[in-house]
Each structure stands twice: as structure tokens, then as C-alpha cells.
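This is what each chain is made of:
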There are 4 protein chains.
Amino acid sequence: MERLTLFEMQQEVDKHISQFKEGYFPPMSLIVRLTEELGELAREVNHRYGEKKKKAGEADGSIAEEIGDVLYCLTCLANSLHIDLEETHRSVMHKFYTRDANRWTRKED
Amino acid sequence: MERLTLFEMQQEVDKHISQFKEGYFPPMSLIVRLTEELGELAREVNHRYGEKKKKAGEADGSIAEEIGDVLYCLTCLANSLHIDLEETHRSVMHKFYTRDANRWTRKED
Amino acid sequence: MERLTLFEMQQEVDKHISQFKEGYFPPMSLIVRLTEELGELAREVNHRYGEKKKKAGEADGSIAEEIGDVLYCLTCLANSLHIDLEETHRSVMHKFYTRDANRWTRKED
Amino acid sequence: MERLTLFEMQQEVDKHISQFKEGYFPPMSLIVRLTEELGELAREVNHRYGEKKKKAGEADGSIAEEIGDVLYCLTCLANSLHIDLEETHRSVMHKFYTRDANRWTRKED
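All values reported here derive from a predicted model rather than from experimental measurement.

A. Here's a closer look at unusual backbone geometry. Residues and elements named next belong to chain B. Phi at His 82 is positive, roughly 55 degrees, even though this residue is not glycine. Inspection of the secondary structure assignment puts His 82 in the loop between α3 (63-80) and α4 (85-97). Among the residues examined, His 82 registers a relative accessible area of 76% and is labelled exposed.

B. A look at the interface of chain B and chain D. Chain B puts 15 residues into the contact, and the matching count from chain D is 15 residues. Both faces considered, chain B and chain D share a buried interface measuring about 1300 Å² in area, 62% of it formed by carbon and sulfur atoms. For the interface between chain B and chain D, the tally reads 4 salt bridges. Among the ionic pairs, Arg43(D) bridges to Glu36(B), the shortest N-O distance being 2.9 Å. In this structure, the connection of chain B to chain D is made through 4 residue pairs in polar contact (both at pLDDT 80 or more). For the side of chain B that touches chain D, the residue count by class is 5 nonpolar, 4 polar and 6 charged.

C. Molecular detail of helix α4 (residues 85-97) of chain C. The terminal C-alpha atoms of α4(C), which comprises 13 residues, lie 18 Å apart, in line with the 18 Å expected from a rise of 1.5 Å per residue. For α4(C), every residue scored as buried is listed here: Leu85(C), Glu86(C), Thr88(C), His89(C), Val92(C), Met93(C), Lys95(C) and Phe96(C). Those residues of α4(C) that are buried lie in contact with α1 (6-17) and α3 (63-80) of chain C together with α1 (6-17) and α3 (63-80) of chain D.

D. Fine view of the side chain of Glu37(B). Looking at the secondary structure, you find Glu37(B) in helix α2 (residues 27-49). Ignoring anything within four residues of it in the chain, the contact list for Glu37(B) reads Glu66(B), Asp69(B), Val70(B) and Cys73(B).

E. Geometry of the relation of the copies chain B and chain D. Placing chain B over chain D gives an RMSD of 0.0 Å and needs a rotation angle of 180 degrees, together with 0.0 Å of translation along the axis. The superposition of one copy onto the other is thereby described by a two-fold rotation axis. Minimal C-alpha distance to the rotation axis in chain B is attained by Gly39(B), lying at 2.1 Å. An overlap of 100% is found between the interface residues of chain B and their copies at the interface of chain D, pointing to a shared contact surface.

F. Molecular detail of the side chain of Thr35(D). Inspection of the secondary structure puts Thr35(D) in helix α2 (residues 27-49). Looking at Thr35(D), its side chain comes within polar contact range of the side chain of Thr35(A), at 2.8 Å. Ignoring sequence-local partners within four residues, the contact set of Thr35(D) consists of Thr35(A), Leu38(B), Gly39(B), Ala42(B) and Leu38(C).

G. Structural context of the interface of chain D and chain C. Tallying the contact residues gives 62 residues for chain D and 62 residues for chain C. Regarding the contact of chain D and chain C, the summed buried area is about 6100 Å², with carbon and sulfur atoms giving 69% of it. Inspection of the region where chain D meets chain C yields 8 salt bridges. Two residues, Arg90(C) and Glu12(D), come together in a salt bridge whose shortest N-O distance is 4.0 Å. Counting the contacts that link chain D with chain C gives 20 residue pairs in polar contact (both at pLDDT 80 or more). Mapped onto the side of chain D that touches chain C, the elements with two or more residues apiece are α1, α2, α3 and α4 (85-97) of chain D. A class-by-class count of the residues in the side of chain D that touches chain C yields 35 nonpolar, 11 polar and 16 charged.

H. Seen up close, the environment of Glu37(C). Residue classification places Glu37(C) among the buried positions, given a relative accessible area of 5%. It is 20 Å that separates the C-alpha atoms of Glu37(C) and Glu12(C), two residues lying 25 residues apart in sequence.

I. Geometry of the packing of aromatic side chains. Here the structure, examined in full by the defined rule, presents 4 aromatic pairs over all chains. Where Phe96(C) meets Tyr72(D), the ring centres are 4.4 Å apart and the plane angle is 50 degrees; that geometry is what we call tilted. With Phe96(C) in helix α4 and Tyr72(D) in helix α3, the pair connects residues from two separate chains. Of the two residues, Phe96(C) and Tyr72(D), both sit in the buried class. Between Lys95(A) and the ring centre of Phe96(A), over which it is positioned, the NZ or CZ distance is 5.6 Å.

Cut-off values and rules
- Within every chain, residues take consecutive numbers counted from 1 along the sequence as written.
- Note on labels: chains are lettered from A, ligands numbered from 1, in written order.
- Local features in this predicted model are restricted to residues whose pLDDT is 70 or higher, and side-chain atom pairs enter the listing and the counts only when it is 80 or higher, whereas totals over whole chains, interfaces and linings include all residues.
- As a rule here, side-chain values come from all non-hydrogen atoms in the structure, and water together with hydrogens is ignored.
- Helical segments are the DSSP runs of H or I of at least four residues, strand segments are the runs of E of at least two, and each set is numbered from the N terminus.
- Under the scheme applied here, a residue whose accessible area is under 20% of the maximum for its type counts as buried, over 50% as exposed, and between as partly exposed, the area being computed with a 1.4 Å probe on protein chains only.
- Whether two residues touch is decided by their heavy atoms; if any such pair falls within 4.5 Å, the residues are in contact.
- Buried area is calculated as the accessible area (1.4 Å probe) missing from two parts once they are joined, with the contributions of both summed.
- The rule for a salt bridge is simple: a side-chain nitrogen of Lys or Arg has to be within 4 Å of a carboxyl oxygen of Asp or Glu.
- In protein, a polar contact means a hydrogen-donor-capable atom and an acceptor-capable atom, both N or O and within 3.5 Å, with residues adjacent in sequence counting only if both atoms are side-chain atoms; elsewhere, any N or O pair within 3.5 Å suffices.
- Each residue receives one of three labels: charged for Asp, Glu, Lys and Arg, nonpolar for Ala, Val, Leu, Ile, Met, Phe, Trp, Tyr, Cys and Pro, and polar for the others, Gly being one of them.
- Each residue after the first adds 1.5 Å to the expected span of a helix.
- Fitting of the copies onto one another was done by least squares over C-alpha atoms, counting residues only where both copies have pLDDT of at least 70.
- Pairing of aromatic side chains here covers Phe, Tyr and the six-membered ring of Trp, requires ring centres within 6.5 Å, and sorts the geometry by plane angle: under 30 degrees stacked, over 60 edge-to-face, intermediate tilted.
- Charge over a ring is defined by NZ of Lys or CZ of Arg lying within 6 Å of the ring centre and within 35 degrees of the ring normal.

If you want it as C-alpha cells, here you go:
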């Protein structure tokens, strides 16, 4: 199966948004959207792994779907600011392999 | 340039985490981490595009780096729950192209 | 009208929680709850003041009610950690009147 | 000790903000501020009660102070929208004593 690259994911989101007059929300509004979507993800995770169980009769949600919504909003923010998600990933990993190299307990220790 | 797939990104994060005894935080703690990182992203975006300017002498942050940290924590959560980010992306795009197809104003309208 | 003090508000929340075996959630879970409730508040504010309008037929929410839910969860966290909200308010105001005294533009300037 | 009412707290915040030309941020920006402050609270709680310990040499933060910052931003949002925090508290408690009366396990059960 041909796997999707981060770059292609950003292009797919851009293609979708470019059909509409509204275009990308401004960055501050995309943070508000991310706050909303992270809240929905928090709710699902709490229902499954936390103390706050679903109310009787409340429909089952999907953690995967909520992760997809957060990823979509994060991609909109990156696209709107011309930020390459693959590059952000590489710099974060570089930070962990250098600055934070001794932050956690190595299995061989 | 060979582009990184979402699957390879998840594998890179997994390889990094698997070196350490701590392993992945539990899902509830990863939501707390996501809340922390989204807060840092919000701060940077507000400094650049909102009303709350940096204090004099405050170091410049990087929106790209903060996006990378949110993406990293989201990938940790997906990995720890065996969720394929490419699949979540596909199902979100499917939702937008079907259920929300008429949610926004088409450019040709 | 006799007005409610912050202390009495904390006591009312404590009286409500103390009826139940579950008691207060642990601090990390209360952060997850706050993330969920801030998400719901973000959604309502976006509907009213942002670009993301309600879907047709979607019930009207209440910003006041969502603010109340965030305040309730914040009070649960303060109560569970024996933190006096009035004291936290006083120290924040002290910070603004001293450290941040010149952060904004005075009207007389 | 004369205790501070929620109404007086809102007045104190309003008095502070009214000195400055900037006045209250718009509601969407106050959500971005709340996201930033909740992130800082999440960070402190995680350091104290979660898996993510402070880095060596990292200064101790204060959960009480971060709670105060969240409360301050929430009060700014309520003030700017002419919402009475005491009323929001009463309506939330009413909701818990009626709609959610049987949501948790009573100690006598």
C-alpha cells in the first residue's frame, strides 16, 4: 500500500480548503478551533481511560476521529503559515536526540 | 527529496520512545501534555498575530517548533493506542467531502 | 442582595462533591476535565464571535453556562489542593499592579 | 476577615483593565489567552502529580499562581461579555443538583 507523506497530507487539506471563499481561518481563530477539538479529544479519552464515564445512553465517540480533527486543524495552521510539518517533525526529533538525550531512563541503564 | 510518510513519522517517534523505560505516558497524561503544548503554541501565535505582544527583552519563540511539539504529542497518543494517523486523516477528509460538503461557500457559487 | 464570596463558592462545591464516593478526581484528571470544558467554551465563543458559525439546526449554546463549567472545574482543582481562590486572585492582582504595571498603555498617557 | 465576593472580584479586575487603552481583548483572543494559561497550569500539575518531572535546575512553579491566572482570564471574558460569575455558578450547581443528581454514587448508597 502506497503510504501518504506529510507533504501530501498538507496538499490534500490545502486542496479541500481552496474550494471555498472562506479559505483558512486566521491563526488566532485556528488556535480557538484547536482548543475546541482538543477538548473533544480530552472528553473521549476521559470516557475511556479516566474517571468521567459516559452518561447512560450517551453515544460512543471515537478517539481516532478526534485525533484526526486535531491533526486537521494543526495542518490548517501549518498550511496557512507556510510551515512544512515534516520539517517541524525533524527539528523536534533533533531536539530530543540532542538537548533531551538524557531526559529519560535508557533501557540498558 | 524523498518525503516522509505519516507511517514513517509514527515509527520514528516509536523508535525514540522505545529506548526509554518510561515508555509512553498513559492516555490521560498525554492529554495533559497536549494541553501544555497547545498552550505554548497559543502563546506564540498570540505574540505574532494577537493583541498580547511579547514583553521587552523576551526571547523570540517559534510557531513552527511549537506546532512540532503538538504534532509529536499527538503522535505519541496515536502510537500508544495503535491508531494510524493516515487513516484518521482519510476519515476526516471523507467527512468533509460528504457530511460537510455544503458547510462553506464554494468559489464558483 | 447578599453576594456570594469566593470562599462560600468553594464551600458549596465541596459540599456537593462530598456527597459522593468518587470525591474529587485526581489533579491530572481535573486538567483533562478543564481541557474538555475550555473546548466547549471555545466552541460557543467561536460560534458567536468567530468565523465558525453553527450548523443549520444546531441548538444554541450558552457562553455563560460554559464559563460556569470552567469555573466549577477550576474550583474543584483548587478545593482538592486546598488552594484559596481569593488568595490566588489577590496575588495575581498584586503581580499586575507591580511587575506588569507598565505592560499596557495608560489612558492618561 | 471580610471575604471577597465574586462580584467584587469582577469589579477589581474591571477597575484594573479600565486604566488601559487596550481594554479587554476580544472574546476570541481571550480564549487564546485561556488556552495559554491552562497550558501553564497543566505543566505545573504534570510536574507535581504526573509523569513529566521538572528538568534539573528548572525553577519551581506554583499551581496556585497558575490557577489565579486562569481565573483572571475567565473573569476578563465574563466582564467583557457582562456575565455575572455568581449567576453562572448558581446555574451550574442547579444543573448538578437536578439533571446530574444521580450521576455519581451517594455515600449512603
